[in-house]
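Examining the three-dimensional arrangement
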Amino acid sequence: MQDEFQPVELAKSHLLLNHGPVVLISSAFHGRRNVMAASWVMPLDFNPPKVAAVIDSRSYTRELVDASGEFALNLPCRCIADKVLAAGSISGRDGDKFAHTGLATFPAGQLGAPLVRECVAWLECKLIAEKHNQQRYDLFIAEVVAAWADPAVFSESRWHFPDSGRRTIHYQAGGSFFETGRAFDCSGE
């Protein structure tokens, strides 16, 4: 499946998150899988590339991440905002959230966690054990071990959204999102 997507150089993978979009965190362990919406995710380092994510201790995703030691960050776009809202509003303990939300998946390259098909970029992440941060602050630090992007929206280390439906989204509250705006350059080049 990844053949149709462009690998993103790991040293540039932070650019997939740098603009602060909401993500879908997918996880799996021993035949169980889940997806949740999250806004508190950010790039943390370049080499090796790392990310930080807050995953609440009461969530089903947290249970699977703790057990597997890995997760995937999937960057959704405006055309699936309703599915993102649903993924953030129900518990995976009550049934398969992928089936409930209609989110299709495909296998990750280096993880057991599934990747969400309708997204525009993906980061495969392996946990770096920081038990104190995880237990006290629900803060996870992970190394990005693979990154992918749809070349129609991300290439040459830049986002270039072809239409409104493919723009990444940012969650406000109460079911309200806004889409990533138009890029502009101030470098004078």
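Since the structure is predicted, the reported quantities are computational estimates derived from the model, not experimental observations.

A separate point is the overall build of the protein chain. Counting its regular elements, the protein chain contains four helices and 14 strands. Against the 2.2 N^0.38 benchmark of 16 Å for 189 residues, the protein chain shows a C-alpha radius of gyration of 16 Å, consistent with a compact globule. Projected onto its principal axes, the C-alpha coordinates of the protein chain cover approximately 50 × 35 × 35 Å. Counting all 189 residues of the protein chain, 48% fall into the buried class. Contacts spanning at least 24 positions in sequence make up 66% of the contacts within the protein chain whose residues lie at least 6 apart. Surface accessibility of the protein chain: about 9300 Å² in total, with carbon and sulfur atoms responsible for 51%.

Here we come to the pattern of salt bridges. If charged atoms from side chains of opposite charge come close, those side chains can pair. Overall, the coordinates contain 13 salt bridges when judged by the stated rule. With its nearest N and O atoms 3.2 Å apart, the salt bridge here joins aspartate 66 to arginine 62. Of this pair, aspartate 66 and arginine 62 are both found in helix H1 (residues 60–68), four residues apart, which corresponds to roughly one turn of the helix. The partly exposed category is assigned to aspartate 66, whose relative accessible area is 42%. Classification of arginine 62 as buried rests on a relative accessible area of 5%. Residues aspartate 138 and arginine 62 are paired through a salt bridge, measuring 2.8 Å at the closest nitrogen-oxygen approach.

Below, the discussion takes up H1. Taken together, the buried positions of H1 are occupied by Tyr60, Thr61, Arg62, Leu64 and Val65. For H1, the elements touching its buried residues are strand S2 (23–29), strand S3 (32–38), strand S6 (70–75), strand S9 (121–128), helix H4 (131–137) and strand S10 (139–149). Of the residues trailing H1, glycine 69 is marked for its positive phi of about 75°.

Once that is clear, we can look at the layout of surface pockets. As a volume, the largest pocket reaches approximately 400 Å³. Residue lining of the largest pocket: 16 residues in total, with Ser157, Arg158, Trp159, Ala183 and Phe184 positioned closest to the centre. Of the residues in the lining of the largest pocket, the class split is six nonpolar, six polar and four charged. Here the second largest pocket defines a volume of roughly 310 Å³. Together, 21 residues line the second largest pocket, and Met36, Ala37, Ala87, Gly88 and Ser89 are the ones closest to its centre.

Here a ring pair, both rings aromatic, is described through the centre-centre distance and the interplanar angle of the planes. Summed over all chains, the structure comprises six aromatic pairs. Here the aromatic rings of phenylalanine 106 and tryptophan 122 are separated by 5.7 Å at their centres, their planes lie at 80°, and the arrangement is edge-to-face. Pair noted here: phenylalanine 106 is in strand S7 (residues 105–107) and tryptophan 122 is in strand S9, with a separation of 16 residues, a long-range link. Measuring from ring centre to ring centre gives 5.0 Å for phenylalanine 154 and tryptophan 159, while their planes differ by 65°; the resulting arrangement is edge-to-face. Ring pairs connect the aromatic residues Phe5, Phe106 and Trp122, which therefore count as one cluster.

What counts and what doesn't
- Residues numbered from 1 in each chain as written.
- Predicted model: local features only at pLDDT ≥ 70, side-chain atom pairs only at ≥ 80, totals over all residues.
- Heavy atoms only, no water.
- Helix = DSSP H or I, 4+ residues; strand = E, 2+ residues; numbered from the N terminus.
- Rg over C-alpha atoms; globule rule 2.2 N^0.38 Å.
- Buried < 20%, exposed > 50% of the residue type's maximum accessible area, 1.4 Å probe, protein only.
- Contact = heavy atoms within 4.5 Å.
- Areas by Shrake-Rupley, 256 points an atom, 1.4 Å probe, with all protein chains shown as cover.
- Salt bridge = Lys/Arg side-chain N within 4 Å of Asp/Glu carboxyl O.
- 1 Å grid on protein atoms, 1.4 Å probe; cavity = no way out; pocket = protein on both sides within 12 Å on 5 of 7 lines; lining within 4 Å.
- Points joined across faces, edges and corners; volume = space filled by probe spheres on them.
- Nonpolar A, V, L, I, M, F, W, Y, C, P; charged D, E, K, R; others polar.
- Phe/Tyr/Trp six-rings, centres within 6.5 Å; stacked < 30°, edge-to-face > 60°.

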